[in-house]
Structures are given as structure tokens and as C-alpha cells.
Amino acid sequence: MSIPFKWPALALLGLLAHSSDAAVVSMFGHDDVGISSFISAGNWDNGAAPSAGNDYFTGPFRLRSPATTLSYTFAGDSLTVHTSEGRLFGKSIADPVSPGQVLTINNLILDGGYVDQSGWSWLTLMGNIQVIAESSFGASSSDTLEIKSVISGSAPLNISGPTINSGQDTGAVILSSANPYSGTMTLCANTPANSEKGLLRLNHRDALASATLNTISSTLVALSFSSAANTGEFNIGALTGTGNIMLSDSVGMPVVLSVGGKGSSTTYSGSLAGSGGLTKVGSGTLRLLGANTNNRGNTTVEGGVLSLTVPHLYDESTVSIAASAVLQLDFAATDTVGALVLGGNAQPDGVYSSGNSGGFITGAGSLLVKTVVAGIGSSTPAPPVDSPYRSARAWRAYDGGAAPPASSFFDVPFMAVRTWYSAGALKIAGNGRTAAIYHSADDAAVVAIAAKALRDDVQRVTGLLPKVSTGVPIAVEAILIGTIGQSPLIDGLIAAGKLDVAAIEGKWEAYTAVVVDHPMLGVGRALIIAGSDRRGTAFGVFGLSESMGVSPWYWWGDVAVAQKSAIFVSGCHTQASPAVKYRGIFLNDEDWGLQPWAAQTFEPEVGNIGPKTYATIYELLLRLHSNMIWPAMHEWPVMTTPFYLVPGNKIMADNYGIVIGTSHHEPMHRNSHEYDESVLGSYNYWSNWDTVYRFWDERVEETADCENIYTVGMRGRTDAGMLAPSGTTDAQKAEKLQHVIIPDQREMLSRHVNSNASEMPQIFIPYKETLVQYQAGLQLPDDITILWPDDNHGYIRQLANASERARSGGSGIYYHLSYWGTPASYLWFCSTPPGMTRYEMLKAWDFEARNIWLVNVGDLKPAEIGTDFFLRMARNPEAFRNFDQHDYFTQWAARAFDPLHAEAIAEVLDGYFSLNIVKRPEHLTSQEVSGFSRVANGDEAQKRLDKFASLAALAGSIYGWLSAEQKPAFYEMVLYPVRASYKVNQRTLLAERSRMWAEQKRAATAALAAEAQAAHDAVMAEIQFYNEVNAGGKWNLMLNPMPELAGWARETQNPFLMPEVGSYPPPAPAALGVATEGSEAVLESGVPGELPVFNRAADSNRFFDIFNQGLAAMSWTAVASAPWVVLSETNGTADARIMVSINWDTAPHGNAVLGSVIIAAAGAEQTVSLVVYHPENLDLANLPAAVEDNKAVVIEAEDFVARTDRSDGAGWRRVDKATASQDGMAIEPITASSVDPASIPTNSPSLTYKFYAFTTGPVQIFTQCLPTHRLTSDHVGVRYAISLNGDSPIVVDVNAEEYTAAWNVNTLRAASVGVSDHKITAPGSQTIEVWMVDASVVLDKITVQLFLGIYLYEAEQLTVHDKSTDVQVTTYVDVPASAGGGMHIQSSKASQFATFVLPNIQAGDYEIIIRVKKWTSRGIMQLAVAETPTGLYTDIGAEQDLYSTSGGYSDLEAIPVKFVSDGTKYLRFTATGKNPSASNYWILFDTVFMSTTTVDPPSGP
């Protein structure tokens, strides 16, 4: 029924816009949920849907649009929304495909009502809008109302506001048309919004050209400007109000605001901020009462009067005043500007006021015009500057030359230095005499440094000290050194024809050396060393030092120098340019090593890392033929004084010729920790760009005279993502970088360093979140080098595709040998095998990452071996093409110590890296389990400790064999890492075992706990010896643990944290305990234990433990049931591990021969049963090496039986010591194109493996790989294909995105694992084939797991089958989870569900156990299963309440479930409710475990 409505008088005005012949139709009630009168009869009083010939009025009611994503046209002649309660309510709903709803209303009349959108979506209005009474627009939070309708009228309009929609309209209103609307539009929001969803966004420059804008919002971003419309001035008819306005568009580009076109006079009290400018037009007066902080922007007065009451014009801006226009300065002060233009004429520097401006300026104030060098907002061009370090040449490997030949990894780049004379040789030193060393005083400072270092090196070798002089050479024998074009000495020799430098002239860091008779008057014979540039000269000198026997690590590694009575050199040597242009290190996370050592031990006069420390590091770099450094820069928990704030640091680097760069969050050489936000404001280029600009610009100017590499771009101040307005997307951040930040940074370079910024080396580092921004479309200037990072754990995230390789700036690599961060840090040991580094860096080399190689070395010590390897490889990667890690270590040890012990040292180092890459010592935590079983696979934990013990013993023996001079270096680089990592493992694994022993009630628990504590004490003792005793205390505090560190940083101290140990107070009486291999449980009285099957083909051995559970003494006996059961011990009085083996010569044949062992002690007996698989006629001689044992087969990747290459020669090749289980198989060349899976197996390289299986049925093949990433953005993944016995190849992708749960697990175990399901139909020989799909796969080992009646699914790896439409299902990352993550079902109400696929389940009865993560936000859960995709779901078990105030992971009780057929099953989680105290209905689970209860697994060992 119709409800009578009395029309207000204003409604009569609205009728004027209606057809006189049209009928009036009114609403009689609100459109509630599910009702829309927009297209239906709904609440219209004529009972019909809107139609032509009618005018429609909402009255005080709500008219909803349909809650869909479809578009609609209002069919009536007009629609009037009126009274303060009348409302057109857009209900466009969210949809991932649709851009939102479009409503076309050809004649929408706003007569006091309001229009808004609420549906988490976008609503667009089309047509025409007349405003005849004060009305409003709005959009709820996260919604957008875009008005493409043309707006007319003059009545007031409000955008959002505290009285509309209960103040909830905080979304975006967008004006996208040129509007004749001439009224006042008020921005009166009371809730902040971000720049992309500001309360009002102008998407057309003339949207408010005739209107008055009244902004009373306190947030800077209440008004925003579309970047798409920013093609000229945004026109505002008049401006008033108190709210602030940011003069930049949605991507940060400057906006120029043109105000005054209406000709009216207004006062604006707000503040203009941002990077844009202001133009005053029209005849009226615009009075600005606020601080005009429009920064870079210029101020123009084209008409009327612009009145300023605050002297806040930007110092470098331009002020222009047109004829007949006036700038009124209503302040009693002088404001500074960069330029002044009056009536089109630029004015000279000076002070201008009402008295001398010819009427252009009025008021009490004045302007000081002070021309500035081009910079922020300046119109004055900068004078040209030229850097001596500029270069327009794109780098080519070896500077365009050929790779130098290499006969060993340690070829010394110089002539051989011998201890005997040969014809034509120059005697460097001997018989009490030395050759004098000469260089030119005009040469680079580093040449003088190298000359003095050579002098000292000669003394180290011979005890004789040569003379160093810059005078005229006069000597029988001399060493002449210098730089071509900088040394008059060398240039004179070239001019005299005594020195041929054609091979190196103009090259990068090349040098030549030659012995010449009578090179000049007064010199009988000379060794001449000439460099193509300053570093080339230094490299040549240090090449001679290394040839004499002085290790680059003589100081930083304490490598002893062998004494020689005389040294001679003859012949010549020319050294080509290094392969990689810039090669260096990053000193990082120096809080517990380098910083305290430098500050308190080595350089206490500075109290931090100062020039004295850096001088030793620079010398090391030069001796390693390296040239760059990122200086130390950490601020917490120990503060390193920023590099440039320490007097002498910069000068010292320049003297040594070392190129300075800065890390990924230190752009433009500015340590971000120098930025004090309490003083400078937010480190935010959106809201505080001018301060940040100046912060960077100061440092660029300060360092302009040095050789630098400039990091461009921006991240957060503390190694986090850069600050941006809330809701800013990665694509928008990329736009900001591309169009604002990087251009600003290059402008700094052009003004201060080199007029053409493209000639200066610059890098962009797509590190962490910045790679995502780069992938979102960031386009870099072509000359900028992309420095691709690894994932912080040694695996390069991405390399250059073809288009990126074509860039003139090329690319490089930022690599880690040390890291503090997710998922776990490794700061105390260098444990990345050189073989792994070699694989990754050679891959980078082959993808042309050749401009920069930089490695994070932490404190430098104890990363000596890794640092040396990386930097040597950077000089000539081709020398490492055919790499053997053991051979490399042997050569290294022979040079660092002596050839006699080189093989043994190499064996120790191979073992050290092999053990520690599987689990780095820092990743053995005091809170979590190690992952090494104490009962399975022959006791993994004990096997690991046995290997460590053997290594430590061998290393200790070598230490005893070495001379006193050699011991310090060996201790630092070999013995300490081996011993300390051994003791860290011993402490952790024994502590874990002691906790197990406590559960087993072993009387010896306390003794084992004491062993764990002793191991911890041994770690600390090694630290003390390293610091205070070794090398006479030289390195005191280089290892400076801080175990008291709390909170999120505590995990950095893992090696020094004592884990919890087991505790068990045994009773007095003795008691027998027995536990068998494979189980932590103690045998119950009268219940036999069972050992894993003894397999003849594998010659299996098993064990069980006998132990006392009481304090009294206990004697025990162990008696086998048959003589062919062999026991390692049969009686004793102490706890014992009894090894059980089979005498196969006497054991009976059969597939399940039974035996047993009876253990008796303390009046009790326990039986251990065993089953022997000893089939008759088993042909051992013809079995493959890989044989099923204990339902598994393990095959190392390199143990293939056949290999097939592709027609283009691409194929699998062994990579030495590159994987967690040492060797692996990788594709060469790495640049081989990916294979279309459809073309497998005809067009893909393959490997074939053989194994023997006794068991038939379903199997899973776990293919362990190196956890590499996809090669380039053009590559799909890290894929291989695999088949068993000719079944269809299965394509598996082991790529894990950084920071996912899978990546977390992979980095901690140095492996990614692909899983595929197969079936063995007959026992006997089986064939596995593995094919290449992507060249980035590195196979490590293959494990075939035969059916055990057990299924374990990691939640985050499950596939979602279906779910409730309004439920979000996402994976989450959490280190305590079993594989580093789990699955989150974000249910928000009862009855919501999610279903997951459980593949390849055999029929049978099972028990299912779900591991969940409980917390206060969890709901009540019901499980159900189905056997077909559309089948009936059956509830299993009772409802489970997951609410908990203590949180954490726990296993739910086992639930029985029966499957009647083989195949895929479906597991459904349904939220059925929640605890009254719970905040939500969420379900989080970690694993799904199923074990058979009735199905007998297929027979076999």
C-alpha cells in the first residue's frame, strides 16, 4: 500500500526539469537487501518497474541498484533523489573479472539526497546530473564511485562527510568529466585515505573548472589527482577551506593547480604540499593563509591578486607575475626564490618589493632572488661537470679480450719467481742486496702504496728491505713501476721504445711485466711493471708479491710466508683485463665481529671501523685483484658509525683505488641509518620527498670526486620495503621509481658528478620486494646495471632474459656467504660449499651477468675460504668451467700451508662443507628439533656426529704436524670452523637425545646431558682461544657472541645458546630397558620388539639398545635364537648398543625367515624379533647397485646407467660438490632452451637409472634437487619430467617462490624435493628416466619410497578441490610448522568449508591424524571424506574445538576411516561453530597423516 508523502517546497524546483506530460512516481519504502527498485516494481507506488513517460522520486527512501556486476540504464525520464534521507545506493559487488557496475541515468536530479556505493567494488555513473539543492556523493571504505556523468547546477555538493552514512563513506569519489557545475563542492571527510583511494580524485583537468572547492579535510590526501589526467594544469574555479592539498598525482608526478577561473575572491587556510606548482588566474583575489610548502613547484600569477601571508616560497622556485597581475606579500619578511619573472622579463638577483617592482609586488614583504645551481625546482642549468671515472663503453668480458689460459685454479698472474739465477734474470733480493723500487711521484696514490707493500713483501720473504724512491733511477738492478699516461717514468720508457704496451693500453685493469736490460741511463737491468690504469699497476705489483710467496691472506688470514735466501725473476708476462668489471665484498652484520674487533682491539683510537681497518681490507682486495666494497653499515645491536662520517674513510678508499658502492637500502651513497626520522620526518618519497632528496643530494655532492658506483632506487630505511601511502600497489611503486625517484637521483649525478649521468656506473638491485616491483613493470634507463641478488642463501633468484641482456648497462650478481634474516640466519661459519657457489656463479656468467660480482662476507672472518674463492672466480670464471672441489682445496692448502699436508686438509674441508650445508650450525636451534633421527636409518644423528668426530680428529692431527708459524692460519680457517661446528652439533644432538632418554627413563640421562653441556662449554672455549690465544690475541673480539640478546634477533646467537636437556631422577633398583632401531618407545613387558627387515641384497645391519632404568648396577645378557644371528655383544654391565647382523653363509633361505634375541637383566626378559629376507637363487652379482631396503631405494644423481643428449648437444653433466649430498647432475649449457613437455621424450636430454625392487604396488619417487629458482622471467619454473618403467612422463616443478613455506624448508636443507606417484607391477629390475624440461634443475638424489601403508601430506602442498564461495584458503609461512608452513581456511561463519585432494590412496582401513595450530581465533571443526569428486561426504570423528589461549601445534586424536577403492580421496574441513570466547571461525592445519590398520603392505624387504 502507498504511504502518503508531503512534498517539500524545494521539490517544485525539481519538477521544472521534468516533462510536463510525465507522470510522477514515488517510492513508498526502502529497498532492503535483495530488493532493487532500479529495474523492478520494488517500492514504486505505481506497482511497476521504471519506464519511459514517468518521473521518479525517491522521497526519504533508499533506492538500491542491483547487487551484481552487470550494467543498467534507468528507464524513467528522470530520477530525483531528495531530502536529507533520500539515497541512491549503489550495490555493485566485487568480482575478480568485472570492473564493476555501470548505471546510466540520463537525468539524475539531486534535490537534497545523496548517492553512494557500498559493495567492495566500483560503481560508475553515466548520463547527466543536476544539483538543485545541497546533496552529497560518497563511497564506503574500499569502494569507488566514479562519476562520468556531466554535473551541472550551482547548489552545494558534499563529498563524504561525518553526517553521511554515519561517517563511514571513506572510499573514493572520482570525477571523470568536464563539468559546468558552478556550486561549492566540500571535502569534509573525517577518515584518512590513501593517495590512490583519496576521498575525491580528479580524473579530468576541468572537473571543477567552474566550481568552488572547499576542503576541510585534515589529511593531505583527501584530494588526489589522476596520473592519466595529468597532462596540463588542473583547473579549480575557486579555492577555500582549511584542508591540505598534495600537489602530486597518483604516481607521484608533480601537479600544477590553476585557481581562480570563477573570478571570485576567496581565502584558503590550508597548506599546499608536494612537488607541484600553483597558478593564480581570474580577476579575484586568492588569499593563502597556510604554509605554502609546494616545494619544487613554481608560483605563477596570471590574473588578479595572489596574497601570501607566510614567507614559504621554495628557495629554488621561480615566481612569475603577468602584466596586470599582482603578488601581494602580506608578511613583514623577505622570502627567497630562485628566479623572478615580471611581465615576461627575467629579473637579476636582488631584493624586490612594492618599491621597486613596478606594481607587480605589493604589501610589506619582499623577495630575495638568488640564482642557484640547478637542483630541486631550479630553472638554471647546471654548469657542465666531467668525472675522470666516466665511461660510455658497455662492458664486455675481459674488456673484449680472450679469457687467459689457466693450468690451475691458483695460477699466479705473473712470471715465476725462483730462488736461483738463470740467464737474463733480475735478482730481486739476495746476498745482502736488493733491487731498488722506483715509481713516479705524479702517479696515483695506490702506486706508491703498492710500491711500499712490495718493499715489505721482499723483507717478509728474504729479510732484506729494498729502497723505495720517486727519484731518478740509478741502480744496477731496479724495479720500475707505474701507470701508462700517469707515470712519467713509464711513459718515458714507452717513448724510448723500451716497453711495448700495445696489448694493454686503454684496457681495464690490465698490466704487463718484463725484465729489460739497460732500460734507461743509469739502470743496468730492470723489472718493469706497467698498468693500463692505477689498479692495473697495483695488481701487477701484487702479482709479483704472490709469485714471491706472499699470500693475499698473509695479514687477514695469518698465512705464513716461507723464507727464501734469494729470489729472481725473468721473462715477461701480460695480464688481460679481469672477466668481471667490478669485483668486491660487502661487510655486513658486523655487530658481533668486525665492529667490536676494530673498535676495541685494532683501532680503539677511532672506536669504530675506521681508515686503519679499511686500509688492511683494501690491501687484501688489491692482492686478490678486486676493486670494490660496500662498507659496513649496521646500526643494531652494535652501532657502526656510517662510513662517510668517519674522517679518513673516503680518502683511504680513494688512495687505494677502491671503488665504493652501497647496499640495496643505501641509495646514492647515503647510509639510511644516518636518516633521523625524529628530526627529518618520514623516510617517504611520497610525503617528504624534498627532505629525502636533499639527504641524498648532499652525499652525492660530497663524494663527487671519488670513484663510486651509485645505487639507485629506494627501499625502506631498515632493510624493508619503501614507505608509501596505504594501499599503494607494486605497480604504482614501480611507477614512482621509474618516473620520479630514479630520475631525481640521476639529476643529482648530472649536477654534481658528470653532466651525462649515463656515463657513471649505477646499479639497481631487485632485492626482496624490489624484485616484485621490477617484475610489475619497472623500466630502467638502459645504462643502469641490474644487480641480480640471490635469495640470501646462495641461490640466484633471477637472471637476465634476452632483452635484458641487450641493455648497455648489463647485469651483475649480489651473492651471500653470510646472512641475517628469514627463515634463519647464518653469521658465524662459512658453510656454503665452493662447488655450490661455482655452479650458481657460472650460471650467472653464462647468462652474461658480467659487470659486477659482489659477495656479502659478513665480518670477513671466518669467511676467508669462501671470499677467496668468489673473488678468484670473478677474475676468470672460465678457469672454473671444469671444477673439482677436492682438487681446488688441495691446491689451496698446498699454497696456504704445504703440499705435504694438502690432501689431508682438502679431505677435512670437503667433509666440513658437506656436513654443514645439509644443516648449517646456526640452524641448529635451542628450541626446535634438528631433523636428524636418533633411531631411524641407523641413527642419523650418531652417524653425523661420528663423521664430525673423525674430521675434528684429522684436523687436530694436521694442526699438530704444522709449524708454529702455520698454526694460526690453519686454526682460523680450518680447525676452528671444524671443531666449533662439531661441538655445536654435538651439543644440540646430545641434548635432543638426552630428552629422548628422559622419556625412556634411562638412568644415564644426566650423564648424557652433562656431555651436551660439556660440548657447549667446548664451543665457548674455542671462541676464547680464537680471540685471546691464537695469533697472540690479534683477533680478540672478532668472534663476540651476545647470547643475552632477546626477541626477534635472538636466533642470530643459536651457536651459543644451550638447548634444554633431559632430566630423569632414576629409582634405586636396577630395571631393564630395551629400545629397537626405528622406534623411540621402550619395549613393554611381555611385548616383543621388532627390528627392520634384514635384506640379503643390501647386507643390512640393525641395532637395539640395552639400558638401565635404575641406579643399582645391572648385568645383562643377550642370546640369539640361532648362530646365524650375529650380535656385537652378548653380555655386559653397562648400557650398550647391540649391532645385529646376519651370517648369510649359514642363514636359511626364505622370504621371511624368523629369528629373535632374548635380553635378560634385573630379573626381567625382553624379546627382540627379527625377519630375514634371504630368497633362494638371488643373483647378487647381477643386481644393480641400488637395491630396495626397508621399503626404500636411494640413488645418487650421478649414479646413472645411461645418458642421452639432445641433438644440439645439451645434456646432463656432473657438477662437483654442488648439492646437499655432494655431487649433482645439471644441464649444460645452462642456456639451453626449455623443452615443451609435449615433446618429451623425443627432444629432451635424459638420464636413466636402474634399481631392483622386491616389492610391488604404488611407489612415490622423491627427486631431491638443488633449490634453484627459475632462470629468467621468461622461464616457467624449475621443471623436470620423470617416468618409471616407461609410464607416461610426469612433469614436476620444484620452483618455490621466495618467502613461501616451501622456500623456507628448502633453504634450511639446501634441497627442493619433487614428488611423483608411480606403480611397480612386477618385482625385479626397474628403470627410472629423468628428462630435462628447464635447464635450471640440478638433480641431487632420487629416493624411491615403496608402499608402507603410511601417507603424510604437508597441508601447504595440498590442492583445494572446492570450497564455500565466501571462504578464502591460503597457505601461510611459520617456521615451527613441520615443513615451514601450513594451510589457513579463513572461515567467517558456521557451515563454511574447504575440501582438499588426497591423491593415490589404496583401499583399506586407516587412522587419520590432523596436526592443527590452535589459537583464540579458531573455530570448531568437523572432518568429512568422500571417495569421488562429487560423491557423498561422510563425517568422520567428532567435532574438534580448535580454540586455545596458549596456541601452538598439536595432533588431534586419531580418527578411523575406511576407503573401499583405490584412487584419489577428498578430505573436507567444515567450520561448524566457534567457542564463545573465540574471535573467529578459522581453521589452520599443518599436516595430514594416515596410517593403515588392516591393509597388508606388499611383501618384500
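The following paragraphs examine the structure supplied in this document. Keep in mind it's a predicted model, so treat the numbers as computed, not measured. (Residues numbered from 1 in each chain as written. Predicted model: local features only at pLDDT ≥ 70, side-chain atom pairs only at ≥ 80, totals over all residues. Heavy atoms only, no water.)

**Brief notes about the pairing of strand E8 (residues 114-117)**
For clarity, the threshold we go by: The buried label applies to any residue whose accessible area, calculated with a 1.4 Å probe on protein chains only, is under 20% of its type's maximum; exposed applies above 50%, and partly exposed to all values in between. Numbered from the N terminus, helices here are DSSP runs of H or I no shorter than four residues, and strands are runs of E no shorter than two. Only strands joined by at least two bridges in the DSSP assignment are considered to pair.
Side chains Tyr114 and Asp116 of E8 all project onto a buried face; the interleaved residues Val115 and Gln117 project onto the opposite face, where all are buried too. Looking at chain direction, strand E6 (residues 87-90) and E8 are connected through four bridges and run parallel. Across the sheet, Arg87 pairs through a bridge with Tyr114, a residue of E8. One ladder, built from four bridges, connects E8 with strand E10 (residues 135-139); its direction is parallel. Bridging from a neighbouring strand, Asp116 pairs with Gly138 of E10.

**So, the packing of helix H14 (residues 864-875) against helix H15 (residues 885-896)**
Two quantities define a packed helix pair, namely the angle between the helix axes and the distance between the axes. The criterion, for reference: To define axes, lines are fitted to C-alpha atoms, for helices over the stretch in contact only, and angles between the resulting N-to-C directions are given on a 0 to 180 degree scale. Orientation categories follow fixed angle ranges, with anything under 35 degrees roughly parallel, anything over 145 roughly antiparallel, 65 to 115 roughly perpendicular, and all other angles oblique. Here, residues are in contact when the closest pair of their heavy atoms is within 4.5 Å.
Viewed as axis vectors pointing N to C, H14 and H15 meet at an angle of 105°, and their least axial separation amounts to 13 Å. Looking at the two axes, H14 sits roughly perpendicular to H15. Facing Ile865, Asp868, Phe869 and Arg872 of H14, the residues of H15 in contact are Tyr888, Phe889 and Trp892.

**A short note on the packing of aromatic side chains**
This is how it is decided: Stacked, edge-to-face and tilted labels apply to pairs of Phe, Tyr and Trp rings (six-membered ring for Trp) whose centres lie within 6.5 Å, assigned for plane angles under 30 degrees, over 60, and everything in between, in that order. Only when the NZ atom of a Lys or the CZ atom of an Arg is both within 6 Å of the ring centre and within 35 degrees of the ring normal do we say a charge sits over the ring.
Enumeration over the complete set of coordinates arrives at 72 aromatic pairs. Where Phe889 meets Phe913, the ring centres are 5.6 Å apart and the plane angle is 10°; that geometry is what we call stacked. A residue pair is termed long-range when its members are at least 10 positions apart, and Phe889 in helix H15 and Phe913 in helix H16 (residues 902-918) qualify at 24 residues. The exposure classification of Phe889 matches that of Phe913, with both residues buried. Site record: aromatic cluster; members linked through ring pairs are Phe409, Phe410, Phe869, Phe880, Phe883, Tyr888, Phe889, Tyr912 and Phe913. Against the face of Trp845 rests Arg850, its NZ or CZ located 4.0 Å from the ring centre.

**Topic: the sheet that holds strand E30 (residues 334-337)**
Pairing is mixed in the open sheet, where three strands are placed in the order E30-E35-E33. Lying at the two open borders of the sheet, with one neighbouring strand each, are E30 and strand E33 (350-352). Averaged over all pairs of adjacent strands, the angle between their axes in this sheet comes to 30°, without regard to strand direction. As judged from the four bridges shared by E30 and strand E35 (residues 366-369), these two strands associate in the parallel manner. Bridged to Val337 within E35 is Val369.

**Regarding the nonpolar core**
The following threshold applies: Each nonpolar core is a collection of buried residues, namely Ala, Val, Leu, Ile, Met, Phe, Trp, Tyr and Cys, held together in the definition by side-chain atoms within 4.5 Å.
Counting residues in hydrophobic clusters, the biggest one holds 236 residues, and the most contacted among them are Ile479, Leu527, Trp892 and Ile1328. It is helix H18 (residues 967-999) that provides the largest number of residues to this core, a total of 16 residues. Setting aside its immediate chain neighbours within four residues, Leu527 contacts Phe414, Met415, Leu426, Ala478, Ile479, Leu480, Ala513, Val514, Val515, Leu544 and Val569. One finds Val25, Leu63, Ala229 and Phe234 within the second-largest nonpolar core, a separate group that totals 76 residues.

**Overview of the side chain of Asn588**
To keep things clear, this is the line we draw: Think of a polar contact as two N or O atoms within 3.5 Å of one another; within protein, one of them needs to be a possible hydrogen donor and the other a possible acceptor, and neighboring residues in sequence only count if both atoms come from side chains.
One can find Asn588 in the loop between strand E46 (582-587) and helix H5 (594-602). For Asn588, a relative accessible area of 9% translates into the label buried. Of the polar contacts made by the side chain of Asn588, one reaches the side chain of Asn856; its length is 3.0 Å.

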